[in-house]
Structure formats: structure tokens, C-alpha cells
Amino acid sequence: MSSPQQAIAAFVCLLGIPALVGCGAGAAGVGSSKASAKASAVPAVAAVASPAVPGARGGVREVADPQEANSFPVPASVHHKAAKTPAKAGEALVAAGAPSDAEVRRELNQMRAVERTAQKAQAQELIPVAGGESVGGNGTITPPPGIPAVVAKVIAGGNAIADFPYVFGGGHGSFVDNAYDCSGSVSYALAAGGLLSAPETSGELAQWGAPGPGQWITIYANAGHTFMDVAGMWFDTAGRSGPYASRWLVATPPLEGYAVRHPQGL
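Each value, and the rule that gives it
- Residues numbered from 1 in each chain as written.
- Predicted model: local features only at pLDDT ≥ 70, side-chain atom pairs only at ≥ 80, totals over all residues.
- Heavy atoms only, no water.
- Helix = DSSP H or I, 4+ residues; strand = E, 2+ residues; numbered from the N terminus.
- Buried < 20%, exposed > 50% of the residue type's maximum accessible area, 1.4 Å probe, protein only.
- Contact = heavy atoms within 4.5 Å.
- Areas by Shrake-Rupley, 256 points an atom, 1.4 Å probe, with all protein chains shown as cover.
- Lys, Arg positive; Asp, Glu negative; His and termini not counted.
- Salt bridge = Lys/Arg side-chain N within 4 Å of Asp/Glu carboxyl O.
- Polar contact = N/O pair within 3.5 Å; in protein donor to acceptor, adjacent residues only side chain to side chain.
- Axes fitted to C-alpha atoms, helices over the stretch in contact; angles between N-to-C directions.
- Parallel < 35°, antiparallel > 145°, perpendicular 65-115°, else oblique.
- Left-handed = near helix turned anticlockwise from the far one by under 90°.
- Expected span 1.5 Å × (residues − 1).
- Pairing = 2+ DSSP bridges.
- pLDDT = per-residue confidence, 0-100.
- Core = buried A, V, L, I, M, F, W, Y, C linked by side-chain atoms within 4.5 Å.

### Observations concerning the overall build of the protein chain
Helix and strand content of the protein chain: six helices and six strands. Written out in order from the N terminus, the α and β elements of the protein chain read α-α-α-α-α-α-β-β-β-β-β-β. Sorting the 266 residues of the protein chain into buried and exposed places 42% on the buried side. Looking at the protein chain alone, contacts between residues at least 24 apart form 68% of all its contacts between residues at least 6 apart. Looking at the protein chain as shown, the accessible area adds up to about 13300 Å², and 60% of this sits on carbon and sulfur atoms.

### A few points about the environment of His80
Considering the arrangement of structural elements, one finds His80 in the loop between α1 (3–15) and α2 (86–90). It is 7.6 Å that separates the C-alpha atoms of His80 and Phe164, two residues lying 84 residues apart in sequence. Look past the residues within four positions of His80 in its chain and what remains in contact with it is Asp163, Phe164, Pro165, Asn178 and Tyr244.

### A few points about the side chain of Arg261
Relative to the helices and strands, Arg261 is located in strand β6 (residues 259–262). Buried charged residue Arg261 carries no salt bridge. Nearest counter-charge: Glu200, at 10 Å. In this view, Arg261 contacts Leu205, Ala206, Gln207, Trp208, Gly209, Ala210, Pro211, Gly212, Ile217, Thr218 and Ile219; residues no more than four positions away in its chain are not counted.

### Some words on helix α5 (residues 182–192)
With respect to burial, α5 is a largely interior element, eleven of its eleven residues being buried. Taken as a whole, α5 has its buried residues at Cys182, Ser183, Gly184, Ser185, Val186, Ser187, Tyr188, Ala189, Leu190, Ala191 and Ala192. Put simply, Asp181 is the residue that caps the front of α5, since its side-chain oxygen is 3.4 Å from the backbone nitrogen of Ser183. Gly194, located one to two residues past α5, shows a positive phi value of around 75°.

### Points about the packing of helix α4 (residues 149–160) against α5
When two helices pack together, you describe them by how their axes are tilted relative to each other and by the distance separating the axes. Here α4 crosses α5 at 135°, and the two axes come no closer than 7 Å. On the basis of their axis angle, the class for α4 and α5 is oblique. Our pair here, α4 against α5, has a crossing hand that is right-handed. Between α4 and α5, the contacting residues are Lys153, Val154, Gly157, Gly158 and Ala160 on the first element and Tyr188, Ala189, Leu190 and Ala192 on the second.

### Topic: α4
With twelve residues, α4 should reach 16 Å at 1.5 Å per residue; the first-to-last C-alpha distance of 16 Å fits that figure. Inspection of α4 places Val151, Val154, Ile155, Gly157, Gly158 and Asn159 among the buried residues, and these make up the whole buried set. As for α4, its buried residues are in contact with α2, α5, β2 (217–221), β3 (226–230), β4 (233–235) and β5 (248–249).

### Details of the pairing of β3
By the criterion of burial, β3 is predominantly enclosed, with five of the five residues buried. Side chains Thr226, Met228 and Val230 project from β3 onto one buried face, and the interleaved Phe227 and Asp229 project onto a second face that is buried too. Relative to β3, β2 is paired through five bridges, and the arrangement is antiparallel. Counterpart to Ile217 in the pairing with β3 is Val230. Hairpin remark: β2 followed by β3, antiparallel, with four residues in the connecting loop. Examined bridge by bridge, β3 and β4 share three bridges and lie antiparallel to one another. Pairing of Val230 across the sheet is with Met233, part of β4. Adjacent in sequence and paired antiparallel, β3 and β4 are bridged by two residues, among which Ala231 carries a positive phi angle near 50°.

### What about the confidence of the model for the protein chain?
Mean pLDDT for the protein chain: 77, with 67% of residues reaching 70 or above. Across residues 7–21 the pLDDT falls below 50, and counting only partners more than four positions away or on other chains, this stretch makes eleven contacts in the model.

### Digging into the nonpolar core
With 32 residues, the main nonpolar core has Leu190, Ile217, Ile219, Met228, Val230 and Trp248 as its most contacted residues. Secondary-structure elements contributing two or more residues to this core are α4, α5, β2, β3 and β4. Element by element, the count of residues in this core is highest for α5, at five residues. Beyond its immediate stretch of four places on either side in the chain, Val230 contacts Val151, Val154, Ile155, Trp216, Ile217 and Trp248.

### Points about the pairing of β2
With five of five residues buried, β2 lies mostly within the body of the structure. Because side chains alternate across β2, one face comprises the buried residues Ile217, Ile219 and Ala221, and the other comprises Thr218 and Tyr220, equally buried. Relative to β6, β2 runs antiparallel, the two being bridged by three bridges. If you follow Ala221 over to β6, its bridge partner there is Ala259.

Right under this line is the structure:
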């Protein structure tokens, strides 16, 4: 083959290189890691022949989640209640009108009682369920005092789907679903805080927001899997104690091989 022909052939080959994206899809982003996590290459993840995640932009093919076996996947035909919209899950109740002094004193006494109950519940939650790392109790966590409202709403969103089953691709066609995969779960919780308007794949979350850990929310993502730290609590589909156990975990997942991102300002 002549030199001009070789040059043309090389140019055609370059045009044919495909791009894959994750859990669902997307090339893994490169981000900094926390001090405890050593930088390492993202392990290769094999593409599967299944169709694109419903709602994933660009019609890209799915990438298998390497943590799927640890997420207790159930058949896509699972019959589970559908979640509320993220906005409904994260909305806060606001009392109208100015209270009297007597009402303030009564509310303070009620608040102290609620705080004591919450502290007892939190202590119970932080005991992992046998067989995994899921929190106990009813699988939800109590937002710690003093956190920004948006972070409390993200926690409320996580609580709303904490015990939903895992189905690969769940939560991507719509936020309202009866099962969620890793990125569908993270997307739902972030949307409850008003941080997302559409579900993201794990590969997209690896490039979302700002690089590095956040003060309140830190997202770990690569082409195949994603999870996050919200106000010191881990939200992850892998590592749970069973198919209907909580996504809130008491143990730190392995952090190597993930891009580290956070929402702007958080």
C-alpha cells in the first residue's frame, strides 16, 4: 500500500473508535480521591449486548456494573410500589403563622423529646443488619442537625427509596420507578435536593459537578458503578444486607478506581 493510502486508512480507523458509557453508560471521569484512597486506574468493564438504558442520552450501550452481584439484583418483573417523584420525597413542611410564647415553649419541649427519640433511633440505625452493612431500624437515617436544607432533602430522597430492590437500568426511564440501579439511586436522591433534573448514568456522574470531595456530599463514580457520601453516611446499592435492605451503609466502601465529584457549593 502506498503512503497516501496508508494515511487514509489510518484516518478512517480513528473515525471508527466508539465511546462507551456506564451504569448505565459513559467513559469514566478522572477525579481526585480522598486522602485514604490511593489513585489507581479504573478497571476495565466489559460492555454487554443489552439495549441502552431507557432515557440515557445518545442511545449508548450499557456497561455492566461490576458490583451488581453485591447489590442483590431481582428480576425486572419485580412487583414493588413505585416511588414518589423526587420533589415530593424531598419537600419540607413549613408551618405558617407566628407562634405564641406558650406555643414556642410547647414546641421546644416537643423538639427535645423528638431529638431524644431521634438519637436513640440513630444509635439503632448505625448497627448493621446481619449479612451486610445496611443500617438497621426501618432502613432510613435521620438528617443530622445543622446541615443545609438541600442536603436534608437529598437524605429524604435516599430514605424514600432506601429499601427498593435493585434492577439494572432501574430509575433511568423515569425517576418514578419500582426498582433502582446504582446510578438510578444516586440520581433520585440528588434530584430530591433539586440538584438533578434528569437521571444520570454512572459514567456521566463521573464527570458531573465539581472535582474532588465536597463538604456535605461526595460522589464516587466510574463507568460501571457509583455511590456517595452524604453528611458522613454512605448511600450505595452494593454491600447491602439483602434485596430489600437499606442503601444506607455503616461501612466505607472501597474507594480506589473512582472519580471523586461533588455538587457545586456542597
